[in-house]
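Structural overview for review
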Amino acid sequence: MMPFLPLLACIFQLTSTAFGATAEQWRGRSIYQILTDRFALPAGADPTTCDTGAQTWCGGTWNTIRENLDYIQDAGFTAIWISPVNQNYQGPRTAYGDPYHGYWMADITKLNDRFGKAEDLKALIDELHRRDMYIMVDIVVNNVMATSTEPDYSSYLFNDAAFYHNYCPVKYGNPDSERNCWMGDTRVTLPDVDTSNPSVIRAYGEWAKAFVEQWGVDGFRIDAAKHVEPDFWPKFCGPAGVFCIGEVYGDDVDLAASFQGPKALDSVLNYPMYGALQKAFMIPGSQNASALEEVLGEERRKFKDLTVLGNFLENQDLPRWHNSSVDPQSLYNAMAWTFMTDGIPIVYYGQEQGFSGIADPHNREPLWPSKYEKGASYRLIQQLNQLRNFLVRTTPEWLVDPVKVLSVNEFAIVIQKGYVVSVLTTIGSPPNGKATINAKTSFKPSTAMTDIITCHQWVIGASGLIQVEYSKGGVPIILVPSPDLAGSGMCGESLNVQRGGRVKGGLVSESESGVRGMREKRGGRGRWMGWGLGAFVGWALM
Ligand SMILES: *[C@@H]1O[C@H](CO)[C@@H](O)[C@H](O)[C@H]1NC(C)=O
Ligand SMILES: *[C@@H]1O[C@H](CO)[C@@H](O)[C@H](O)[C@H]1NC(C)=O
């Protein structure tokens, strides 16, 4: 028997795909968030019947996600996060419609048959792993769902009132109440599981371990993580053995940071930075980029690891960016921040289509009316992912090199992470002859830099200075030393996939060969200028 054991182990390694990915492995990923019901329809379904306001089922499934993965992978994403997969409430329609979103837990031990069969979920996960993409599943353990404050507990995993806190409505802002009371209202209420009960802790830990073993998911997005004591999470995520990123809603950096670490979660969604992004880039708004510097500084002091936080502009609970801020450059500049700063970028489906629904339920639009076209937002995301994936493949230390704010004023902010300098403006699209920003980079004078969005090439001025003017409008500018783009497939460079090797991470595919743009380099002395995508960019040589 003995000689066969190593062989078996070897076969197991070859056949088991990405399984139980760690925070380290997720750091280099880029996530596309999906509400399964709203992403894609099966062939032959009527595309005109989905009414977001009516809060009803629209027909997306795990199979239709699998059938449309090219759309996600072509945008450069290397992971997806899907809405909860477990069985939801099945009673009559409620005051808030149907549980199409998946967050109304009835039996966490079963799959939600509205989204497909077990083999469909398995096929989706296998196909993602075949593409070297990760899957993160949304997990709801804080609560179950009921239509009465005195529900029949027998159908839940925890089948007795003793496993729940007594009913009381949550008083938001009061941490004890948030942890012990019930969310929702009396028509749709969310009975709060007592996650300090040792039997609950043990059963949830066993559930998490078995779930990951059965499905081979790579990560958990934890719903309402803030409503559970931080020290519960290691007892849940430990047995699961996967990266856990929690929802800790709100601007409070101290509170969010208290949920990251060995006594809590691997990571949280970066809500405090979302607040700063609104202040910086939304129009109308304070258009004050100092908020980014301020929150970044506070986060650096308080979080254990900024490089695994989830950076986002939209999700199923927030108004679409374009509902509050219609200027396209407001979205583009903010989006560039989420990809080029410390942390994991997350794009909520429909953001790449410029959707503009206000908050729940209007921010859960079906994606199909977009016809999955690859317009300006989609193409910008492609470029941002292409650069980030290239950096992950070739220079993985880029991920942990802390982002620095080089300069900030009333028009713009300049940040540098590794050898990438991003110049992001708050002014929006209209030209502003007075708007300008200077920054001192770490590059030597005369270093040739390529803006990966326009593919224009520029040169660093004396003392490492750059200057950007916005007399042609406000676009994001992302500068990389031109020689470092060799092998990236960007801006006329060939794509060299052989440089991968070192990191398990970045996606390599034909679709990444991407943009081939114009190159230009102007020599000579004095002031060097050129045109970005409508922006006037000049490097002052002093
Ligand atoms: C911009 O925000 C910073 C930090 O949040 C604040 O100190 C400053 O006063 C704000 N500037 C304006 C013009 O509102
Ligand atoms: C914001 O959302 C509401 C509801 O979806 C919609 O009526 C309104 O037109 C949206 N605003 C914009 C600017 O798209």
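Residues numbered from 1 in each chain as written. Chains lettered and ligands numbered in written order. Predicted model: local features only at pLDDT ≥ 70, side-chain atom pairs only at ≥ 80, totals over all residues. Heavy atoms only, no water.

Moving on: the UniProt feature "site: Transition state stabilizer" (unreviewed entry) in the chain. Feature annotation in UniProt assigns "site: Transition state stabilizer" (unreviewed entry) to the following positions: Asp-317. Note on placement: Asp-317 falls in the loop between β11 (310–311) and α13 (321–324). On the basis of relative accessibility, which here comes to 27%, the residue Asp-317 falls in the partly exposed class. Among residues more than four places away in sequence, those in contact with Asp-317 are Glu-247, Tyr-249, Ala-359, Asn-363 and Arg-364. (UniProt positions renumbered as here; feature names shortened; annotations may be inferred. Helix = DSSP H or I, 4+ residues; strand = E, 2+ residues; numbered from the N terminus. Buried < 20%, exposed > 50% of the residue type's maximum accessible area, 1.4 Å probe, protein only. Contact = heavy atoms within 4.5 Å.)

This part covers the state of the cysteines. Disulfide: a covalent bond formed between the sulfur atoms of two cysteine residues. Tallied over the full model, the rule gives 4 disulfides. With its sulfur 2.2 Å from that of its partner, Cys-237 forms a disulfide with Cys-244. Looking along the S-S bond of the Cys-237-Cys-244 disulfide, the torsion reads about -105°, which is the left-handed sense. The disulfide bridge from Cys-455 ends at Cys-491, spanning 2.1 Å between sulfur atoms. On the sign convention where negative is left-handed, the bridge of Cys-455 and Cys-491, at about -80° about the S-S bond, is left-handed. Of this pair, Cys-455 sits in the loop between β17 (448–451) and β18 (457–459) while Cys-491 sits in the loop between β20 (477–481) and β21 (528–531), and the two are 36 residues apart along the sequence. Each of the two residues, Cys-455 as well as Cys-491, counts as buried. Ordinal numbering of bonded cysteines along the chain defines a disulfide pattern of 1-2, 3-4, 5-6, 7-8. (Disulfide = S-S within 2.5 Å.)

This brings us to unusual backbone geometry. Glycine aside, a negative phi is what most residues show, and trans is what most peptide bonds show. The linkage connecting Ile-283 with the following residue, Pro-284, adopts the cis geometry, with an omega of 0°. Mapping Pro-284 onto the fold places it in the loop between α11 (271–281) and α12 (290–302). Between Asp-360 and the following residue, Pro-361, the backbone shows a cis peptide bond with an omega angle of 5°. Inspection of the secondary structure puts Pro-361 in the loop between β12 (344–348) and α15 (376–394). The backbone of Cys-455 sits at a positive phi, close to 70°, despite the residue not being glycine. Judged by its relative accessible area of 1%, Cys-455 falls in the buried class. Residue Cys-491 is not a glycine yet carries a positive backbone phi of 50°.

Here we come to the site of ligand 1. Near ligand 1, the surroundings consist of Asn-288, Ser-290 and Glu-294. Contact between ligand 1 and Glu-294: an oxygen atom at 3.2 Å from a side-chain N or O atom of the residue. (Near = heavy atom within 4 Å. Polar contact = N/O pair within 3.5 Å; in protein donor to acceptor, adjacent residues only side chain to side chain.)

Where α11 meets helix α14 (residues 328–340), the closest approach of the two axes is 10 Å, and the angle between their N-to-C directions is 145°. Regarding α11 and α14, the two cross each other, and that crossing is right-handed. Within the contact between the two elements, α11 uses Met-273, Leu-277 and Phe-281 and α14 uses Ser-330, Asn-333, Ala-334, Trp-337 and Thr-338. Split by residue class, the contact of α11 with α14 holds 5 nonpolar, 3 polar and no charged. (Axes fitted to C-alpha atoms, helices over the stretch in contact; angles between N-to-C directions. Left-handed = near helix turned anticlockwise from the far one by under 90°. Nonpolar A, V, L, I, M, F, W, Y, C, P; charged D, E, K, R; others polar.)

So, on to the site of ligand 2. Taken together, His-322, Asn-323, Val-326, Ser-356, Gly-357, Ile-358 and His-362 form the complete shell of residues around ligand 2. One nitrogen or oxygen atom from the side chain of Asn-323 is found 2.2 Å from an oxygen atom belonging to ligand 2. Within the backbone of Ile-358, a nitrogen or oxygen atom sits 3.1 Å from an oxygen atom of ligand 2. Here ligand 2, which alone exposes 360 Å², has 50% of that area covered by the protein. Tallied by class, the residues present in the shell around ligand 2 amount to 2 nonpolar, 5 polar and no charged. (Areas by Shrake-Rupley, 256 points an atom, 1.4 Å probe, with all protein chains shown as cover.)

Another point: the pairing of strand β2 (residues 79–82). Working note: regular strand, side chains alternate between the two faces of the sheet. Here β2 shows two buried faces, one formed by Ala-79 and Trp-81 and the other by Ile-80 and Ile-82. Two elements, strand β1 (residues 31–34) and β2, share 4 bridges in a ladder whose sense is parallel. By the bridge assignment, Gln-33 is partnered in β2 with Trp-81. (Pairing = 2+ DSSP bridges.)

Quick look at the environment of Ser-83 now. Along the chain, Ser-83 turns up in the loop between β2 and β3 (86–88). Residue Ser-83 is classed as buried on the basis of its relative accessible area, which comes to 1%. In the structure, Ser-83 is positioned 140 residues away from Asp-223 in sequence and 9.9 Å away in space, judged by C-alpha atoms. For Ser-83, the contacting residues outside a window of four places in its chain are Ile-34, Leu-35, Thr-36, His-101 and Asp-138. Here the side chain of Ser-83 touches Thr-36 through a polar contact of 3.0 Å, landing on its backbone nitrogen.

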